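Fold and geometry: a report
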Amino acid sequence: PQTLVEAVAARIPARRRLAAKLSTLHAKRVVHQMTVENVMGGMRGMPSIMWEISETHPTGVRYHGKTLDELEAALPKWPGSAQISPESLLWYLYTASIPSRAELMHFTADLMRRCQLPKEIEDFMDSLPTTLLPLTHMQMAYSALSKYSKLAAAVDNGAPKANLWTFALEDALDITSRSILVISRIHNKFYGQGNGRKPRIDMSADLAKNLAICMGRGDDFTFIELTRLAWVLHQDHGANVSAHTMRLVSSALGDPYSAISAGITAGTGALHAMAIENSLNYNKKMVASLGLHPSSAEIETYILNDIKAGAVLPGYGHAVLRVADPRLAWVRRFIKQYPVPPPVDGKTPTTSLDLIQRMHNIVPDLIRTHLPKVKNPAPNVDALSGSTMLAYGVEADFILLFMANGRGMGFLSQSVWDKVLALPIERPQSITMDKLLAKL
Ligand code: MLT
């Protein structure tokens, strides 16, 4: 079997040739007529960011041209798992080729060998107060880890530009591996397994299983499967806010740890990843007000009141998608496949997956009627993923850490290709409204 480095290296000459051709032979060809709407609308609809690993279509994301359904059939799964393996998908994002079972096993073993945190980082993490949010702990841990970036050291030492990708890849794999120690350490601090609990890594298991072991849930198969799914679904969705933020940092030769830290910060916006948590809270409020089994008319009235009050309905609409997010179907399928565990201590549940899924059938029509300007009233993955994780025992304030981890590992594959192709610093031209008007 090939190593990941060999597989990436094998793809480099052809992709560099293509990049050179585009930037020289075709450099002045017009790709898109930029409109005032593009400028005023947050660059929406402008095909202007070169993204090697995927393309987000109005109907869903394609990874190197393939849908998740196609990849499910093609990618090897981790032994015993029914989900796409996050490591398999990662290999594919990095290389555009389907790994063999042996390559998946070797790649995962390489990740597990990298799984350690420097002592000073552990001490730093342990010193942070639990009055801060778990996500803040994660963001700060990555900022602190930037000191250990191999890419940053290579840049400082004047490594040739053509070789920077090898250091970026080293960092990417270190981060992907270390991430489970970062998350589990924070989790143990917040939820009772105790500070500094010594993680025992199972070298023959994958990242998700090892995260579960480190969190004290190593025997919880459903949780491990859900973790795999969450990392796969969030790994990449093109130049969304968190990925674009990481790309921006990394385009200025910011190190990958700092880029991840910035990406986590970017995810805290209500219009981006925070929608996952907000949609869960929305459901909680609805259950508190209407109970677990309201009639469809009650649901409609409740939502309509919010629409009329101008409230954001978290998890509905999308900047690019124009149909229901295909990733949502994956979460629905998971809920069908794995029975939701009963609430702890037999307490009445505070959220309802059933109610959320009923909402998915009701909200789009309400939006179409009352907010006709909304281009896509359909639910996206955020409308179900958070509540699902909560239902399977992930604490509400930890859900975003799982999303951030998936997004981080996926983006790192793109960041390696940014270095391979020597993509320049991102620096769009800013323009005032008066200047814009003067151009018309
Ligand atoms: C995502 O996966 O980040 C969201 O669907 C948002 C986006 O793609 O813009």
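Residues numbered from 1 in each chain as written. Predicted model: local features only at pLDDT ≥ 70, side-chain atom pairs only at ≥ 80, totals over all residues.

**Observations concerning the overall build of the protein**
A tally of helices and strands in the protein yields 20 helices and two strands. For the protein, whose C-alpha radius of gyration is 22 Å, the value lies close to the compact-globule estimate of 22 Å for 440 residues. Looking at the protein as a whole, 41% of its 440 residues qualify as buried. Counting contacts in the protein only where the partners sit at least 6 residues apart, residues at least 24 apart contribute 75% of the total. (Helix = DSSP H or I, 4+ residues; strand = E, 2+ residues; numbered from the N terminus. Rg over C-alpha atoms; globule rule 2.2 N^0.38 Å. Buried ≥ 20, exposed ≤ 12 C-beta atoms within 10 Å, placed from the backbone. Contact = placed C-beta atoms within 7 Å.)

**Topic: the pairing of strand β2 (residues 60-63)**
Along a regular strand, successive side chains alternate from one face of the sheet to the other. As judged from the four bridges shared by strand β1 (residues 54-57) and β2, these two strands associate in the antiparallel manner. Of the residues in β2, the one forming a bridge with Ser54 is Tyr63. In this structure, the hairpin formed by β1 and β2 is closed by a connection of two residues. (Pairing = 2+ DSSP bridges.)

**Structural notes on the nonpolar core**
Grouped together as the largest cluster of nonpolar side chains are 98 residues, with contacts concentrated most on Met138, Ile399 and Val416. If near-sequence neighbours (up to four positions away) are discounted, Val416 is found in contact with Val8, Tyr94, Trp165, Ala168, Leu169 and Ala172. (Core = buried A, V, L, I, M, F, W, Y, C linked by C-beta atoms within 7 Å.)

**Things to note about the confidence of the model for the protein**
For the protein, the average pLDDT comes to 96, and 99% of its residues sit at 70 or higher. Here the predicted complex carries an ipTM of 0.97, next to a pTM of 0.97. (pLDDT = per-residue confidence, 0-100.)

**Topic: the packing of helix α10 (residues 207-214) against helix α11 (residues 221-234)**
Where α10 contacts α11, the two axes come as close as 9 Å, and the packing angle between them is 130 degrees. When the interaxial angle is binned, α10 and α11 end up oblique. Here the hand of the crossing between α10 and α11 comes out right-handed. Where α10 approaches α11, its residues Ala208, Lys209, Leu211 and Ala212 are matched on the opposing element by Phe223, Ile224, Thr227 and Arg228. The class makeup of the residues in the contact of α10 with α11 is five nonpolar, one polar and two charged. (Axes fitted to C-alpha atoms, helices over the stretch in contact; angles between N-to-C directions. Parallel < 35°, antiparallel > 145°, perpendicular 65-115°, else oblique. Left-handed = near helix turned anticlockwise from the far one by under 90°. Nonpolar A, V, L, I, M, F, W, Y, C, P; charged D, E, K, R; others polar.)

**Section: unusual backbone geometry**
Trans is the prevailing form of peptide bonds, just as negative phi is the prevailing case for residues other than glycine. The phi dihedral of Met43 is positive, around 65 degrees, even though this residue is not glycine. Considering the arrangement of structural elements, one finds Met43 in the loop between α2 (36-40) and β1. When the 14 C-beta atoms within 10 Å are taken as the criterion, Met43 is described as partly exposed.

**Overview of helix α16 (residues 326-337)**
With twelve residues, α16 should cover 16 Å at 1.5 Å per step; its first-to-last C-alpha distance of 17 Å lies within 8% of that length. Listing the buried residues of α16 in full gives Arg327, Leu328, Trp330, Val331 and Phe334. Angularly, the buried residues of α16 cover 155 degrees about the axis, an arc narrow enough to put them on a single face. Looking at α16, the residues exposed on the side facing more than 90 degrees away from the buried face are Arg333, Lys336 and Gln337. Those residues of α16 that are buried lie in contact with α3 (68-74), α11 and α18 (382-391). (Expected span 1.5 Å × (residues − 1). Arc of directions from axis to C-beta.)

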